Amino acid sequence: MRGDGRGSSEIPGPPADGDGGAALAEAGGLHNYQLRLHAEYGPVVRFPLPGAGEAVSVADPVLLEATARIDRRPEKLFEFLAPLQESGNLQTIPASEHGPWRRVMLSVLAGRPSHEAHFAAFTGLASDLADRWAARAAEGPIALQKDLSELSLQMICRYALGSGLESAGSAARVVSAFEVVLTEYLARAGANDPEGTRRAEEALTYLRSTVDGVLAAHRGRGTGEQAERSDLIGALSAAGESPARIRDTVLMTMLAAHHTTGVAISWTLYLLARHPDAADRVRAEVDAVLGDRDVPEYGDLKRLTHLEMALKEAMRLYPPGPYGAREATEDVELGPYTVPAGTTIFYPFWAVHLNPEYWPDPQAFDPGRFGPEASAGRPRLAYIPFGVGPRSCEGSALAMVEAELVLAVLLKRFRFDLAPGQTVTPVERFVLWAADDILMDVAER
Ligand code: HEM
């Protein structure tokens, strides 16, 4: 890739022979490969992406600013999601369609009314899980990711479908139908398995008809302003989105929300178990804020600052989504380099979070990095677990509420000790996931 006289330096990277598939496989996935490339070639790297030509990855938060307004994802990298969507792929719909949709999403997902409205239901689900763990504790270690992803899926189903679930289908059936769609449709895409495909299609039909049922109930009773600000389906409907787009949104929200939130909580518990001093600080804070209550109220969360810092530090070290991607809509100047329009630009979130220039001793778990003094002066894009710009995560604020609530409930009730003899290896499977789960001995405090 050569410049044209503006940023005229050539972007460094590995030799451009082959399609990069071998190097990527050898590194154990794109997230690891990006770490290696940036360690070897610096903050801006070009590399061949199998089947998609040449891509550029940017791990410097200051240079990233030049890309932060790009409002387009590369079609090809997200086409695996297309079978889930009836109204166009939400990950890649054009900016003119995406902008209005995003605004409605944010009007609900990012706002306090919706967090408060669902807080009691979330608390109930977290307490149920704690009860199940307490009953099972003596039988051996708990698999954190499995249980916490399931909890997150239950929460997001309640959030997206609300009380409509009682009339339109049971929450448990929605959760298991969604799991069928995930395993049969996405994880095994391309496998020639007519029975699996039939099961997935049946599950998808069930999920879509459940959303239709909730939508019909909404139309029947109309929605007030308060409901619109706390109710995703109501707000989408009031904004004039089509039923197909509403069904797609619910599915995409469930997909985007549950493993990400589940692993964020799991990694936090894992890191706290390995760092007793930090764990003691968080536990003391939870005890002080909750007093003799088992569960927090919504208003308590803002006082759980050590807990929030530990969660943020866990998402720095293990960003649930380890990278994102854009397609340059015009030439982009990146310091001495020019990236031509049409190039796939990667956001290597993991490499950004481990950039030693902004994160001294980057592998060390230190929640204090997120205290006000340590954060002052750090570039805005040095910490981007929820992505960048107009395609960043609409659920970030909700995810923080969910994760903090669950952590507070669990840390108030249990001691966590890593089950001995396990190796915890981060791998990418949609999210940054521990390959063999994280096994934890839990004991009531
Ligand atoms: C800890 C939990 C979560 C993490 C770390 C996370 C992270 C991310 C990341 C990295 C992206 C891609 C951003 C980019 O390309 O710049 C994304 C997209 C998205 N996330 Fe999240 N997410 C989380 C939870 C949630 C939740 C709870 C919801 C919804 C309730 C949600 C909804 C979405 C949606 C709809 C998108 C697509 C954005 C778009 O294309 O406009 N996420 N998320």
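Residues numbered from 1 in each chain as written. Predicted model: local features only at pLDDT ≥ 70, side-chain atom pairs only at ≥ 80, totals over all residues. Heavy atoms only, no water.

1. What to know about helix α12 (residues 243-274)
Part 1: Under the 1.5 Å per step criterion, the end-to-end length of α12 is 47 Å for 32 residues, consistent within 8% with the ideal 46 Å.
Part 2: Here α12 lies mainly inside the structure; 27 of its 32 residues are buried. (Helix = DSSP H or I, 4+ residues; strand = E, 2+ residues; numbered from the N terminus. Expected span 1.5 Å × (residues − 1). Buried < 20%, exposed > 50% of the residue type's maximum accessible area, 1.4 Å probe, protein only.)

2. Considerations on the packing of aromatic side chains
Part 1: The tally for this structure, following the rule as stated, stands at 15 aromatic pairs.
Part 2: With a centroid separation of 5.7 Å and 80 degrees between ring planes, the pair formed by Phe 119 and Tyr 298 is classed as edge-to-face. Of the two residues, Phe 119 is situated in helix α5 (residues 112-136) and Tyr 298 in the loop between α13 (276-290) and α14 (305-317); the sequence distance between them amounts to 179 residues.
Part 3: The class for Phe 119 is buried, based on a relative accessible area of 6%.
Part 4: By relative accessible area, Tyr 298 is classed as buried at 18%.
Part 5: When the centroid spacing of 5.7 Å and the interplanar angle of 75 degrees are considered together, the rings of Trp 267 and Tyr 270 count as edge-to-face. With Trp 267 and Tyr 270 both in helix α12 and three residues apart, this pair spans about one turn of that helix. The pair Trp 267 / Tyr 270 is uniform in exposure class, with both members buried.
Part 6: Just above the ring of Tyr 206 sits the side chain of Arg 173; from NZ or CZ to the centre is 3.8 Å. (Phe/Tyr/Trp six-rings, centres within 6.5 Å; stacked < 30°, edge-to-face > 60°. Lys NZ or Arg CZ within 6 Å of the ring centre and 35° of its normal.)

3. Let's talk about the packing of α13 against helix α17 (residues 396-413)
Part 1: It is the contact of α13 with α17, at a shortest axis distance of 9 Å, that shows an interaxial angle of 95 degrees. With respect to α17, the axis of α13 lies roughly perpendicular. Contact residues: Val 282, Arg 283, Val 286, Asp 287 and Leu 290 in α13; Ala 408, Leu 411 and Lys 412 in α17.
Part 2: Classifying every residue of the contact of α13 with α17 gives five nonpolar, no polar and three charged. (Axes fitted to C-alpha atoms, helices over the stretch in contact; angles between N-to-C directions. Parallel < 35°, antiparallel > 145°, perpendicular 65-115°, else oblique. Contact = heavy atoms within 4.5 Å. Nonpolar A, V, L, I, M, F, W, Y, C, P; charged D, E, K, R; others polar.)

4. With respect to the sheet that holds strand β8 (residues 414-418)
Part 1: The three strands are arranged β3-β11-β8 in an open sheet whose pairing can be described as antiparallel. Bordering the open sheet on either side are β3 (142-143) and β8, each of which pairs with just one other strand.
Part 2: Two elements, β3 and strand β11 (residues 439-444), share two bridges in a ladder whose sense is antiparallel. In the strand pairing of β11, Ile 142 is matched with Met 440.
Part 3: Those strands touched by α17 are β8 and β11, and its axis lies near 90 degrees from that of β8. (Pairing = 2+ DSSP bridges.)

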